[in-house]
Amino acid sequence: VRAWDGMLRILKEVRQSNGLPPALQFHAFGGGAEIAKQLLRYNAWFSFAGTVLKEKNARGREGLLAIPRERILLETDCPDLVGPAEYRLGLVRQKGDNKCIKSESADLRLVLKGVAQLLGVESTVLEAQLEDNFLRFHACFSPVKSEEAP
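Residues numbered from 1 in each chain as written. Predicted model: local features only at pLDDT ≥ 70, side-chain atom pairs only at ≥ 80, totals over all residues. Heavy atoms only, no water.

**A few points about the overall build of the protein chain**
For the protein chain, the helix and strand inventory stands at five helices and five strands. Reading the helices (α) and strands (β) of the protein chain from amino to carboxyl end gives α-β-α-β-α-β-β-β-α-α. A burial count over the protein chain gives 37% of its 150 residues as buried. Taking contacts inside the protein chain between residues at least 6 apart in sequence as the whole, the part at least 24 apart equals 60%. Here the protein chain displays about 9500 Å² of accessible surface, and carbon together with sulfur accounts for 52% of that area. (Helix = DSSP H or I, 4+ residues; strand = E, 2+ residues; numbered from the N terminus. Buried < 20%, exposed > 50% of the residue type's maximum accessible area, 1.4 Å probe, protein only. Contact = heavy atoms within 4.5 Å. Areas by Shrake-Rupley, 256 points an atom, 1.4 Å probe, with all protein chains shown as cover.)

**Observations concerning the pattern of salt bridges**
Side-chain pairs of opposite charge can arise whenever the charged atoms involved come near each other. For the coordinates displayed, the defined rule picks out three salt bridges. The salt bridge partner of Glu13 is Arg9, with a shortest N-O separation of 3.5 Å. With a gap of four residues between them, Glu13 and Arg9 both fall in helix α1 (residues 4-17), about one helical turn apart. Classification of Glu13 by relative accessible area gives partly exposed; the value is 42%. With its nearest N and O atoms 3.2 Å apart, the salt bridge here joins Arg109 to Glu127. In this pair, Arg109 sits in helix α4 (residues 108-119) while Glu127 sits in helix α5 (residues 123-139), placing the two residues 18 residues apart along the sequence. (Salt bridge = Lys/Arg side-chain N within 4 Å of Asp/Glu carboxyl O.)

**Quick notes on the packing of aromatic side chains**
Given two aromatic rings, their pairing is described by the distance between the two centres and the angle made by the two planes. Going through the model one piece at a time under the given rule, you end up with seven aromatic pairs. A ring pair is formed by Phe29 and Phe48, whose centres lie 5.9 Å apart and whose planes are at 90°; its orientation type is edge-to-face. Here the residue Phe29 occupies a position in the loop between β1 (24-26) and α2 (33-40), and Phe48 occupies one in strand β2 (residues 44-48), the gap between them amounting to 19 residues. One exposure class covers both Phe29 and Phe48, and it is buried. Considering the side-chain rings of Phe137 and Phe141, the 5.4 Å spacing of their centres and the 65° angle between planes classify their relative orientation as edge-to-face. Taken together through their ring pairs, the aromatic side chains of Trp4, Phe26, Phe29, Phe46 and Phe48 make up a single cluster. (Phe/Tyr/Trp six-rings, centres within 6.5 Å; stacked < 30°, edge-to-face > 60°.)

**A closer look at the sheet that holds β1**
Strand order in the open sheet made by the three strands is β1-β2-β3, with parallel pairing throughout. On the outer flanks of this sheet lie β1 and β3 (72-74), each paired with one strand and no other. Strand-to-strand twist of the sheet, defined as the mean angle between neighbouring strand axes without regard to direction, takes the value 30°. Sheet analysis places β2 next to β3, joined by three bridges and oriented parallel. (Pairing = 2+ DSSP bridges. Axes fitted to C-alpha atoms, helices over the stretch in contact; angles between N-to-C directions.)

Dropping the structure here:
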């Protein structure tokens, strides 16, 4: 999605008229730092795939570095968003006469390692942060349970 101005306009209109959901997730975020900062105003959470680790994806890395760690999630978006070779298991699928490199769910640990390096933290520290983020994000959509319920 490259229509960030339109997205921001719609988010502003929806917030003014109906209100926004408790959280928004931007899947495979590739926007830069400025867009990320604007989206944070709308309860945004940002999910990154292995593509953020590609050398040519400077804008995606810039966005990653601008986002508070409390709003970061990771994904593989398998089989479509393929990261650099060092951040995937290297599984190759045969499709007719062509070999197709695909991402796999199991690549997530390698993506975690690469993102931790970009953020300058230990993988274990980032893993704990991501687990907390996942739980907090999903709690945004969980109904509050009454203490009076059986």
